[in-house]
Amino acid sequence: MKKNLLILLLLSSLPFRFSIHAEDGYELWMRYHTISNQPTLKEYKKAITNWTIKGESAIIDAAKKELQTGLNGLLGNFIPETNQLSINGIVIAGTINNLSDIADAALKEKLKHLGSEGYVIVSGKVNKKKAIIIAANSDIGVLYGVFHFLRVLQTQLDITGLAIESAPKTKIRVLNHWDNLDRTVERGYAGFSLWDWHKLPDYLYTRYTDYARANASIGINGTVLTNVNANALVLTKDYLEKVAALAGVFRPYGIKVYLTARFSAPIEIGKLKTADPLDPDVVWWWNEKVKEIYSYIPDFGGFLVKANSEGQPGPQNYERSHADGANMLADALKPFNGIVMWRAFVYDNNVPEDRAKQAYNEFVPLDGTFRDNVLIQVKNGAIDFQPREPFHPLFGAMPKTPEMMEFQITQEYLGFATHLVYLATLFEECLKSDTYAKGKGSTVASIIDGSLEHKSLSGMAGVSNIGTDRNWTGHPFGQANWYAFGRLAWDPYLTSGDIANEWIRMTFSNSENFINTVKSIMLASREITVNYMTPIGLHHIMGRGHHFGPGPWVSEGRPDWTSLYYHRADSLGIGFDRTSTGSDAVSQYFPPVRDQFENVETCPENVLLWFHHLPWDYKMKSGRTLWDEMCYKYYAGVDSVIWMQKEWEKTKGLIDNERYNQVKTLLKMQEKEAIRWRDACVLYFQTFSKRPIPNDLEKPEQNLDYYINEKFYYVP
Ligand code: GCV
């Protein structure tokens, strides 16, 4: 007994950073391990001796809990809550109303411009004593401010002269879970769905709370719980009770719940004969359904809808338009302040038109006909979350309609959860693209944040990569993509480098050595993946259905689900001609972007084959032929994965062994898969080019048949 006690005492006296549990990644970027840099720790301890958060609400309770946990962990000892304001080193947080005694005019003025979710964090004096003040206009602003303050400490910034002001630039910042009610996740690679529908509404895992904490910490304020390939069952009473239970867990973290609405629900669960959006019975049914939903979830956010796409029902089944469908739902939601996120991801295999053009063709004529609580949710590119796509031509083409971004965080086309691909660079590339919708400077970011057309409704959605895996995302670096999505939804003008810097510090270490190495891996990783998968603008050449691994030979089934449709390789050359002599998709872009893509000389080489069908001996800027360039890109992709491994090995000993080894193993797997991509693609395209692989490149070990005949069973 005595011996056990001694061991316990010994263990509890160890600093937090030598945590006795394995580093399994569960804590994400909210690790709050004690700061190991002694001078910084000393400085922080001097500056932070006590804390208080004014106000009373579930959100304020969440903020208190977070601040208490965060400070205790980071500073390595208990930091007490106090009511005494005349002490040095107090952190004081609250809404401006609750801080009116201590807030000066300047602080009040600042908050006037920061809206309902913004906050300020300032170093100042209260009762002549040094204090740090976190002030906001609302409780949720206080919680966001607390998370930001903890981030400042986690990333070890100077806290002597804090003068932070922050407010989200977009209004709706949501994760889209493609989670089914049987707990499978469409395109999910991190286990099963977090939502344990069977045990809901009674059993509430602490993971639900940690999910909400993680989202709130990066400013995400909504979650669509269910798959866009929707099941009407979730709209029935039994499920609404379960949804309400989840909403109850998320509410203290400012996260609203949304559901996907299956357009045919009035037939499937309402026993109506039709789902025609103009039919009075259908309108009545949705109105009653929406009322029922709000009786369970008073702050329900609204619906996300995939209609008339990939077999999903929609208004076009009744010869009605997307606007007819969206408006009918919007009218039902309007009295409750709910919104509709109507997806623009539509294409029809019966339409002989280039798939890349269809969304634009369908939606642009509807501009101005949507209700004011409808947003059109547009994928970043016109095809489907490819490793590289030019930005979607719909951005900026519907000036009267709020357009929100849909990014895919889960790596459906980027190697699932075995490839380290930091997606913030992809997100940033798209957000920074200039659409020229209203002349120079009409970036995608300025469209989706509503600033270009002065829209009050704006938003960003991210298709979640989260599941029941202990570390949430399967690959430890998948966490960075969740993190980056949230940060960019809050501020689409942040850079991927700055976001990586924050995330690495909070998730792994503040060691400069470690940060520099890992940041360079992260920032290069997406281009590396493009190189070994789809260089020079190739796209959609993944394995059939599951999209795992290469499948440039995929040729059966509906044409726009084959690879041949996209790469169009033949004996003369390769690429999809989308210029005015081809499908003319370029005409959907504003000039001068249209002209830039149209002209083979000015078209960026990284999207060349997206827009042009070019001969194998076409001269690239490097002086090489197109064929040789393609080979070199594929080989460079694999070489770079080997480089990533070597870089990662330099970090041994700088972080815990568990995560170090996990990433090491995954990088090895990534190399294997990159080789498969390279060899399969080069061998396949060689059957058309009839040219040799350049002499200085090693030859593939297997032949093409080997790759074509490889079978992957039960791919997630
Ligand atoms: C949810 C792609 C994916 C589908 C997904 C669809 C969509 O086609 O492969 O799994 O369906 O996009 O975004 O609706």
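Higher on the page you've got the structure.
Residues numbered from 1 in each chain as written. Predicted model: local features only at pLDDT ≥ 70, side-chain atom pairs only at ≥ 80, totals over all residues. Heavy atoms only, no water.

**Description of the packing of aromatic side chains**
- Under the defined criterion, the tally for this structure stands at 45 aromatic pairs.
- Between the aromatic rings of Y203 and Y205, the centroid separation amounts to 4.8 Å while the plane-to-plane angle is 70°, which identifies the pairing as edge-to-face.
- The class for Y203 is partly exposed, based on a relative accessible area of 46%.
- Its relative accessible area of 26% is what places Y205 among the partly exposed residues. (Phe/Tyr/Trp six-rings, centres within 6.5 Å; stacked < 30°, edge-to-face > 60°. Buried < 20%, exposed > 50% of the residue type's maximum accessible area, 1.4 Å probe, protein only.)

**Points about unusual backbone geometry**
- A cis amide bond links L200 to the next residue, P201, at an omega of 5°.
- As for its placement among the helices and strands, P201 is situated in the loop between strand 6 (172–176) and helix 6 (206–217).
- A cis geometry characterises the amide bond from P591 onward to P592, with omega recorded as 5°.
- Within the fold, P592 resides in the loop between strand 14 (573–574) and helix 18 (593–598).
- Residues other than glycine seldom take positive phi values, yet K128 does so here, at roughly 65°.
- One can find K128 in the loop between strand 3 (119–126) and strand 4 (129–136). (Helix = DSSP H or I, 4+ residues; strand = E, 2+ residues; numbered from the N terminus.)

**Structural notes on the sheet that holds strand 4**
- Sheet architecture is open: five strands sit in the order 1-2-4-3-5, paired in mixed fashion. Lying at the two open borders of the sheet, with one neighbouring strand each, are strand 1 (50–53) and strand 5 (163–166). Put simply, the sheet's adjacent strands are angled 20° from each other on average, direction ignored.
- Direction of pairing for strand 3 relative to strand 4: antiparallel, over a ladder of eight bridges. From the neighbouring strand, Y119 faces strand 4, where its bridge partner is A136. (Pairing = 2+ DSSP bridges. Axes fitted to C-alpha atoms, helices over the stretch in contact; angles between N-to-C directions.)

**Remarks on the environment of K664**
- Its location among the elements puts K664 in helix 21 (residues 657–689).
- Among the residues examined, K664 registers a relative accessible area of 35% and is labelled partly exposed.
- Separated by 585 residues in sequence, K664 and I79 have C-alpha atoms that sit 38 Å apart.
- Ignoring sequence-local partners within four residues, the contact set of K664 consists of W648 and E649. (Contact = heavy atoms within 4.5 Å.)

**Focus: the side chain of E406**
- Tracing the chain through its elements places E406 in strand 12 (residues 403–408).
- Assessed through its relative accessible area of 0%, E406 is described here as buried.
- For E406, the side chain forms a polar contact with the side chain of R343, separated by 2.6 Å.
- At a separation of 2.5 Å, a polar atom in the side chain of E406 contacts the side chain of Q377.
- Excluding its chain neighbours within four sequence positions, the residues that come into contact with E406 are N176, W178, R343, Q377, V378, K379, N380, F385, A461 and V463. (Polar contact = N/O pair within 3.5 Å; in protein donor to acceptor, adjacent residues only side chain to side chain.)

**Describing the packing of helix 14 (residues 478–490) against helix 15 (residues 496–507)**
- As a packed pair, helix 14 and helix 15 sit with axes 10 Å apart at the nearest point and diverge in direction by 130°. Our classification of the angle between helix 14 and helix 15 gives oblique. Helix 14 and helix 15 meet at a crossing whose hand is right-handed. Facing Q479, A480, Y483, A484, R487 and L488 of helix 14, the residues of helix 15 in contact are I499, E502, W503, M506 and T507. (Parallel < 35°, antiparallel > 145°, perpendicular 65-115°, else oblique. Left-handed = near helix turned anticlockwise from the far one by under 90°.)

**Things to note about a positive patch on the surface**
- Together, K42, K46, K125 and K130 line one region of the surface with positive charge.
- The topology assignment puts K46 in helix 2 (residues 38–47). (Patch = residues over 30% accessible without salt bridge, like charges linked within 9 Å, V, L, I, M, F, W, Y side chains within 5 Å. Areas by Shrake-Rupley, 256 points an atom, 1.4 Å probe, with all protein chains shown as cover. Salt bridge = Lys/Arg side-chain N within 4 Å of Asp/Glu carboxyl O. Lys, Arg positive; Asp, Glu negative; His and termini not counted. Charge placed at Lys NZ, Arg CZ, Asp CG, Glu CD.)

**Examining the pattern of salt bridges**
- Enumeration over the complete set of coordinates arrives at 42 salt bridges.
- Here E268 and R262 are joined by a salt bridge, their closest N and O atoms 2.9 Å apart.
- E268 sits in the partly exposed class, given a relative accessible area of 42%.
- Among the salt bridges present, the one from K306 reaches E310, with a minimum N-O distance of 2.8 Å.

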